[in-house]
Structures are given as C-alpha cells and as structure tokens.
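Coordinates in review
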Amino acid sequence: MIQDTIAAVSTAIGEGAIGIIRVSGPDAMEIVDKVFKPRYAKDIKNWSSHTLHLGTVIHPDDGKAIDEVLVAWMKGPRTFTTEDVAEFHCHGGSLPLRETLEAILRAGARAAEPGEFTKRAFLGGRLDLAQAEAIMEVIQSKTRDGLGAALSQLEGHLSKKIKTIDEQLLQVMAHLEALIDFPEEDLPELSDEKLLSDLENIRTKLEELLRRAESGKVLREGWKTVIVGRPNVGKSSLLNALLDEQRAIVTDIPGTTRDAIEEMIDLGGIPLRIIDTAGIRETTDLVEKLGVEKTRQYMEQADLVLFVLDGLEEITEEEKELLQSLADRPAIILINKSDIKDRRLEEKDIYNLVKKPIISISAREAWGIEELAEKIRHLVFGDEAENKAILTSNERLDLITQARHREAIERALQHIRQMIDAVKLQTSADFLTIDLRAAWEALGEITGKTVGEDVMDKIFASFCIGK
Ligand code: GDP
Ligand code: ZN
C-alpha cells in the first residue's frame, strides 16, 4: 500500500513558546524542500538523519516568509511512525502555526486524522495496539500511579505478558492438533493430564491479569465513593478534611451532566470520585435527606462506602441495619470526633456488627486521614480479607487500565474455563480447538494481532489530532 504524507500541529493550540508541526510519509523530504530555506546546510536532500536545521518557512507558491523555525529531520525507519519524519518547531502563536501548516499542506501533505501518526507507528510495527493506547493514557493520566501504569504499558509490559500466554496457547493448539491427526497412536506425552495442567496454568495467568484489570479500573476511572451517616456525625467535615489532604484537584470529568457533579480527588495516589447530585455539602447528608432505603441504594452503587459514626453517641437501630448491609461491600467505618474524651462507641463493638476496617478519626482536627488513605490503598490494591500485602510498586505498575483489555481477558478466560470442563468430560479434541482459537483471538485483540479494522479505527479516532 502506498502511503501519502500527513501533517498536523502536534502541540496544544493557543499561545506557547513553541509549537510543533509533524510531517510523516514518503514525501516528507520533498515537502521540506518546498517550504523551507535553511540558513546553513542548504542542500536539504543531503541532510543526515536525526539533525536539526535553522531556517525560514516560506510559502511554496510565492516564496513569502512565514516564520523562523527549527526543522528536525529524521529518516525512517528509526522514527515514531517508522516513516520519514520532519518536525517544524515554530513560534507558538496560532497564526504562524496555521500559516506554516497551510504551506506544508500546499506543498503536498494531507491533514492528518486524529491518532493517525500513532496508527502509522502501529501499522509500521513500531508499537502494538496496547502500546498505542498507552500513549493516550500517558497524556490523560490523572495520578502518579495512573501515569506509571500507562508508561509500563507503553514499554510493553502488558504486551509481553500477553505474548507469553499466546505462546502457551499455541503449544496447546499443537498438542490438540497432534491428537486429532494421530488419534490411534499411543503418544504418552500427549496425555489429558498434561493438557489439563497446561490449561490450568493458562487460566491462572489470565485470572491474575483480570485481578490487575480490576485494580487498574480504579486508577483510570476513580473509585465511586459515597460518604454516609446520620446528620451531624461529621460527613461534611470529613469531606473537607479529604479535600485538604489531596495533592491536586482534578477538574470535572468531561461528559458529566450538570445535575450530577463528580469531584475527583487524589488521595495519596488513589483517585476517588465523590458522587454528588446537588453540591457536595448537601448530598453527603444522604440518610437525612433520603432515608434508609435510598441510602442503601446509593451504597450498593458505590465502589467504596465511607460510613461515618459519631463516637460520642450510642449507635441507633437505623445505623445497625445499614452497617449490617455493608457486609459484602467495600467499606470503611469511621468513628468520628475522637478528639473528645467522652466516647460511647468502641471499635470492637462495631466490629462485632460488621467485619470491616474501622478507624477512629477526628474530621475536625484532620486526624486519621492518612490512615484512611492507607486503608483505601489496601482495598484497591490488595486483598484486605486475606490479609495479603498490597502489590509491590512494580506490580502496581502492571495494572490493566483499559476496559477493552479487561473485556478481552474475561472472554479468553471464559473459553479456557470451558475447555477445562470439556477436557474433564473427555470431549473430543475437535471441539476443544474451537474454544482455544476463540481464546487466542480474544487475547490478540489486546495487542492488535486479531483486531478488526473497524475496532482499530475507533481506537485511533479517540486520539487527539497530531498524535
Ligand atoms: P454532617 O451533618 O454529618 O455533615 O456533620 P458536620 O460535618 O456538618 O458536623 C456536625 C457537627 O459536628 C459540627 O458542629 C462539627 O463541627 C462537629 N464535628 C465534626 N467533626 C468533628 C470532630 O472530629 N470532632 C468534633 N469535636 N466535632 C466535630
Ligand atoms: Zn453535612
């Protein structure tokens, strides 16, 4: 396929010190030759690869000077797109950038579609699909852990894991084909036990990946969090303490409607999405406004419930009821107002009602907020119930943050589980290969090996222009 040459502004639009226009494709050098007058190395066609050149951009029609720029010349395939690439480092105003881009288009380039540079990198074999997606994640990451996970994916950690499983699947496939081809033969190494243990090994790996996908979802989307409790227990105070503790307020998530504002806060690297339907102060008073039944519904939809109790008051029947309904939900119980000595609530009494992490805090004095953050980390990254240590920082970086990947892993896992059942029932090898192939294809969607053109186009279309 003959590629054309594409161009786009690759930096943010608006006034900046510099703005970069990227040109990629077979005609890149010819286009530079038409629109650029170098001050020194004038023989453009003899430039060495990966060099920088100062000069003037001129309009190809009338030779009129547009901007003084630096051109970075990079010969393929050692470039991002694997094609010949020229980057024009212009002055960052929107007019010089626009005029320079226009000159470049006039000289024969086509305006790039969103994500088209990255798509070419993918088609050129420079990145697989998971890595290409990671680029957008790096750009959009909202917390340090989120950035770490995206970078790790960009470096190919996920792809490597998928590749290992992929190879195991192909081995099983060879095994099955041998069974189909030589059913009569007595091949001791092709026993059902071997097949079963191979499949179980693959299943374990997929389950591990899925676990990372669950934690990764949190990094990407934040944990939908509700603060509940009776009036006056200190919910608003807790919210304020959390807002003070956070490192950075991330702006409203695009696409949320005005009547349901979500605050994203970064609590020690954990993005919490505090859901609020009419202004945080008002709706944290859920029980007061909505009653027990509604509160329970809110708690059911949340990824995390922070249940606040007033340590100076006896527990009420309503509270007991709600606490008990938390049994199988991610929740943390907070006994507030611990700065006052006159305590009526003990942690162990609450623990007898519901086996959840319990922390004594003072929202007003901002005591215990660090401990709360630590408990939330445990819930997100480790299995609190089994008392397992949280993932090491390296493992945390290998989290899977994309819903698309999670979904593909789930599908692959389902087929492997079906195969395991089928082997146990002594199903014929012909049937097994159907599930095996389906599992292999599902995994291939992650790296892009088996993904359809339409899916691919959709992924790249969600990128920004110039990327
Ligand atoms: P909400 O109705 O649950 O949102 O409770 P507020 O946050 O509005 O607090 C109710 C009252 O309790 C206010 O007078 C707060 O000053 C007080 N309060 C909240 N947290 C604490 C705390 O940690 N210690 C003490 N002593 N008072 C608190
Ligand atoms: Zn309140």
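Residues numbered from 1 in each chain as written. Chains lettered and ligands numbered in written order. Predicted model: local features only at pLDDT ≥ 70, side-chain atom pairs only at ≥ 80, totals over all residues.

Inside soluble globular proteins, nonpolar side chains tend to come together where they are buried. Core analysis: the biggest nonpolar cluster contains 107 residues, and Ile21, Ile104, Phe307 and Leu334 have the highest contact counts within it. Ignoring anything within four residues of it in the chain, the contact list for isoleucine 104 reads Ala7, Ile21, Val23, Ile31, Val35 and Ala109. (Core = buried A, V, L, I, M, F, W, Y, C linked by C-beta atoms within 7 Å. Buried ≥ 20, exposed ≤ 12 C-beta atoms within 10 Å, placed from the backbone. Contact = placed C-beta atoms within 7 Å.)

As a further point, take the environment of histidine 405. Turning to its location among the elements, histidine 405 is positioned in helix α15 (residues 403-424). Beyond its immediate sequence surroundings of up to four residues, histidine 405 is in contact with Ala130, Ala213, Ile400 and Ile446. (Helix = DSSP H or I, 4+ residues; strand = E, 2+ residues; numbered from the N terminus.)

UniProt marks Ser236 and Thr257 with the feature "binding site: Mg(2+)" (unreviewed entry), using the numbering shown here. Mapping serine 236 onto the fold places it in helix α8 (residues 235-245). For serine 236, a count of 17 C-beta atoms within 10 Å corresponds to the partly exposed category. (UniProt positions renumbered as here; feature names shortened; annotations may be inferred.)

In this section: the sheet that holds strand β2 (residues 18-24). Strand order in the open sheet formed by seven strands is β3-β4-β5-β6-β2-β1-β7, with mixed pairing between adjacent strands. Of all strands in the sheet, those bounded by a partner on one side alone are β3 (36-38) and β7 (110-111). As paired strands, strand β5 (residues 65-74) and strand β6 (residues 85-91) are joined by five bridges and run antiparallel to one another. Within β6, the residue paired with methionine 74 across the bridge is valine 85. (Pairing = 2+ DSSP bridges.)

Remark: helix α3 (residues 116-123) packs on helix α4 (residues 129-140), axes separated minimally by 9 Å, with the N-to-C direction vectors making an angle of 155°. Regarding the angle of α3 to α4, the classification is roughly antiparallel. Two packed elements cross with a definite hand, and for α3 against α4 that hand is right-handed. Contacts from Thr118, Ala121 and Phe122 of α3 reach α4 at Leu129, Ala132 and Ile135. For the contact of α3 with α4, the per-class residue count stands at five nonpolar, one polar and no charged. (Axes fitted to C-alpha atoms, helices over the stretch in contact; angles between N-to-C directions. Parallel < 35°, antiparallel > 145°, perpendicular 65-115°, else oblique. Left-handed = near helix turned anticlockwise from the far one by under 90°. Nonpolar A, V, L, I, M, F, W, Y, C, P; charged D, E, K, R; others polar.)

Turning next to the confidence of the model for the protein. Close inspection of predicted coordinates is inappropriate for parts of the model with low pLDDT. The predicted model of the protein averages 83 in pLDDT, with 86% of residues at 70 or higher. Note that residues 247-261 has pLDDT below 50 and, in this model, 15 contacts with residues that lie over four places away or in other chains. Note on residues 384-392: pLDDT under 50 across the span, and 13 contacts to partners over four residues away in sequence or across chains. Across the predicted assembly, pTM comes out at 0.65 and ipTM at 0.98. (pLDDT = per-residue confidence, 0-100.)

For β2, the buried fraction is high: five of the seven residues fall into the buried class. The pairing of strand β1 (residues 6-9) with β2 spans four bridges and is antiparallel. Looking across to β2, one finds that alanine 7 is bridged to valine 23. Bridge analysis of β2 against β6 gives seven bridges, and the strand direction is antiparallel.

This brings us to unusual backbone geometry. In this structure, the amide linkage connecting glycine 76 to the following residue, proline 77, adopts the cis form with an omega of 0°. Relative to the assigned elements, proline 77 resides in the loop between β5 and β6. The phi torsion at lysine 337 lies on the positive side, around 70°, for a residue other than glycine. As for its position among the elements, lysine 337 is in the loop between β13 (331-336) and α12 (347-353). Since 24 C-beta atoms lie within 10 Å of it, lysine 337 is described here as buried. The phi torsion at alanine 366 lies on the positive side, around 55°, for a residue other than glycine. Here alanine 366 lies in the loop between β14 (358-360) and α13 (369-381).

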